[in-house]
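Understanding the architecture of this molecule
Below, each chain spelled out in residue letters.
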Amino acid sequence: MAIPNSPPRCERNAVPFTWYVTCGMPAYAVLAQVRFDRTFTELDAILEAYTRGFARARELFGPEVRYDGPGWPGISYSHVNGLGAPLLFPVNSEVGMEPIHHSLRQGIAALEQPTDWATAGMMPFYLDLWRRLKQARPDLTIPFRGCGLEGPITTAWELRGHDFFTDAYDDPDRYHVYLDLVTRSIVDYAVFLRRINGEPERLSAALGMCDDISAMLSPAHWVDWVLPYQELYFALQTDGPRHAHIEGFVPDHLPFLDQLGLAEFDPSVSPRLRARDLRDRCAVPFFWRLNAMQLRDFSDQQIRHYLFSGVADGASGVFLNIHRDTLGDTAVHKIHIFMQTARDIAAHLEDGGQRDRLMEAI
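1. Focus on the sheet that holds strand 2 (residues 66-67)
Ordered by their spatial adjacency, four strands build an open sheet running 2-1-9-8, and the pairing between neighbours is parallel. Edge positions in the open sheet fall to strand 2 and strand 8 (287-289), since each of these has one partner strand only. As judged from the three bridges shared by strand 8 and strand 9 (residues 317-322), these two strands associate in the parallel manner. Within strand 9, the position partnered with Trp288 by the bridge is Val318. Against the sheet, helix 15 (residues 329-350) engages strand 1 (18-23) and strand 9, with an angle of about 160° to strand 1.

Take a look at the structure:
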């Protein structure tokens, strides 16, 4: 398949400031006092968490928040589960998994075989859970969500474990064959999910990629070890805008975002990056996240400074995801501080204020 040379993208200065807050099943489980791991597999737990937790979340945070559900919380490892990786469900925790490819040779042989995603791994269980959930709540439109996938480098690490970090040194030829097969498997699985929901197999709308493990590879190796497979991930699936979430970057990673032709980037938890690094080292519009650790540790004034300075230094928007560990009394107050600060920034910019003068309005 031909790879486009110039994927559609947005210029940063053409992107208006936006902000948002999300809240979904993990937060609902806490608010409804439902044990979190139960919401991955038990219909009654999902329904109780959604019914009670969603109502409580609306009381706490109001109508501006983007609310999700009902459904099971997102499982990042469903794609590799379909390839044979077992899922682990620790008590009151996120889902885990175990690597299954103990050599590149073994992994290549396995990935060369076709996969019937509808019958693989836990997919039959989740298709049935989805059916029963829709029957329980016929008043709602519930798409098939929650059985996720990751980007090429992260998926290769999931399948190979930590041996992945030496594969490119120990067996470079097989490394490239393996990554090509991994990427094509991801795309095949993503197409399967889109078919379930009646969506186009190839998109003209935006497509996202989450590939955190790629940040653990040195920028010196990205041209050979990373970019070809992230490019293939996008090129095989969409003619539309490309979005990416990668946490853990250092400044020298940032120019590669332009090479991927991204229209939007989420640096997520990247403590070695400042907003001005993204502004100066790439042209991609980026969104500045207040993560759970910062919400926990920052004072009200530090939250305001973090958001104001991030937008002044080039961020196209700010956002916050309400997690299970961001729901104590202090955290709820700080979530409202975030929302009011975002409103203040929006009002300043809408009134004609300039980004480079934004700190004067804090």
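2. Side note on the environment of Ala156
Residue placement: Ala156 occurs in helix 6 (residues 152-160). By relative accessible area, which is 0% here, Ala156 ends up buried. Ignoring anything within four residues of it in the chain, the contact list for Ala156 reads Gly161, Phe164, Tyr178, Leu179 and Val182.

3. With respect to the side chain of His101
For His101, the location among the structural elements is in the loop between strand 4 (96-97) and helix 4 (104-111). His101 gets classed as buried once you look at its relative accessible area, which sits at 3%. Residues in contact with His101, not counting those within four places in the same chain, are Gln106, Gly107, Ala110, Leu111, Leu159, Arg160 and Tyr178.

4. Observations concerning the pairing of strand 9
Counting buried positions over the six residues of strand 9 gives six, a clear majority of the element. As defined by bridge partners, strand 1 adjoins strand 9 across six bridges and the pair is classed as parallel. Within the sheet, the bridge partner assigned to Tyr20 lies in strand 9 and is Phe319.

5. Regarding the packing of helix 6 against helix 8 (residues 172-196)
Contact geometry for helix 6 and helix 8: axes closest at 9 Å, N-to-C directions at 105°. The orientation of helix 6 with respect to helix 8, classified from their angle, is roughly perpendicular. Seen from helix 6, the contacting residues are Pro152, Ile153, Thr155, Ala156, Leu159 and Arg160; seen from helix 8, they are Tyr175, Tyr178, Leu179, Val182, Thr183 and Ile186. Within the contact of helix 6 with helix 8, the residues separate by chemical class into nine nonpolar, two polar and one charged.

6. Digging into the nonpolar core
Formed by 113 residues in total, the largest nonpolar core has its most connected members in Phe61, Trp72, Tyr178, Phe249, Phe265, Val318 and Phe338. Broken down by element, the residue count for this core peaks at ten residues, all from helix 15. When residues no more than four places from it in sequence are discounted, the contact partners of Tyr178 are His101, Leu104, Gly107, Ile108, Leu111, Ala156, Leu159 and Arg160.

7. Regarding the packing of aromatic side chains
One pass over the structure, following the stated rule, counts 24 aromatic pairs. Considering the side-chain rings of Phe125 and Tyr126, the 5.0 Å spacing of their centres and the 90° angle between planes classify their relative orientation as edge-to-face. Among the residues examined, Phe125 registers a relative accessible area of 31% and is labelled partly exposed. In textbook terms, an aromatic cluster arises when at least three aromatic residues are bridged by ring pairs, as seen for Trp72, Phe125, Tyr126, Trp130 and Phe144. We note Lys134 situated over the ring of Trp130; from NZ or CZ to the ring centre the distance is 3.6 Å.

8. Quick word on the side chain of His79
Note that His79 resides in helix 3 (residues 78-82). Its relative accessible area of 1% is what places His79 among the buried residues. Reaching out from His79, the side chain makes a polar contact with the side chain of Ser185 at a distance of 2.9 Å. In this structure, His79 is in contact with Trp117, Gly148, Leu149, Thr155, Ser185, Ile186 and Tyr189, ignoring residues within four places of it in sequence.

9. Digging into the pattern of salt bridges
In this structure the tally under the stated criterion is 24 salt bridges. When the shortest N-O distance is used, the salt bridge between Arg184 and Asp180 registers 3.0 Å. In this pair, Arg184 and Asp180 both sit in helix 8, four residues apart, roughly one turn of the helix. Of the charged contacts, one joins Asp239 and Arg202 as a salt bridge, the two residues approaching to 2.8 Å between their closest N and O atoms. Of this pair, Asp239 sits in the loop between helix 10 (227-235) and strand 6 (242-245) while Arg202 is found in the loop between helix 8 and strand 5 (207-210), placing the two residues 37 residues apart along the sequence. Among the charged side chains, a network of salt bridges with common partners joins Arg276, Arg279, Asp280 and Asp313.

10. What about helix 15?
Between its first and last C-alpha atoms helix 15 spans 32 Å; for 22 residues at 1.5 Å apiece the expected length is 32 Å, and the two agree. The secondary structure elements touched by the buried residues of helix 15 are strand 1, helix 2 (43-61), helix 13 (292-297), helix 14 (300-312) and strand 9. After helix 15 finishes, the residue Gly352 shows a positive phi value of roughly 95°.

11. A closer look at the sheet that holds strand 7 (residues 264-266)
Read across the open sheet, the three strands follow the order 5-6-7; overall the sheet is parallel. Looking at strand neighbours, the two that pair on one side only are strand 5 and strand 7, the edges of this open sheet. Looking at each pair of strands side by side, their axes are set apart by 15° on average, direction ignored. Seen against the sheet, helix 10 touches strand 5 and strand 6 and runs at an angle of roughly 150° to strand 5.

Rules used throughout
Residues numbered from 1 in each chain as written. Predicted model: local features only at pLDDT ≥ 70, side-chain atom pairs only at ≥ 80, totals over all residues. Heavy atoms only, no water. Pairing = 2+ DSSP bridges. Helix = DSSP H or I, 4+ residues; strand = E, 2+ residues; numbered from the N terminus. Contact = heavy atoms within 4.5 Å. Axes fitted to C-alpha atoms, helices over the stretch in contact; angles between N-to-C directions. Buried < 20%, exposed > 50% of the residue type's maximum accessible area, 1.4 Å probe, protein only. Parallel < 35°, antiparallel > 145°, perpendicular 65-115°, else oblique. Nonpolar A, V, L, I, M, F, W, Y, C, P; charged D, E, K, R; others polar. Core = buried A, V, L, I, M, F, W, Y, C linked by side-chain atoms within 4.5 Å. Phe/Tyr/Trp six-rings, centres within 6.5 Å; stacked < 30°, edge-to-face > 60°. Lys NZ or Arg CZ within 6 Å of the ring centre and 35° of its normal. Polar contact = N/O pair within 3.5 Å; in protein donor to acceptor, adjacent residues only side chain to side chain. Salt bridge = Lys/Arg side-chain N within 4 Å of Asp/Glu carboxyl O. Expected span 1.5 Å × (residues − 1).

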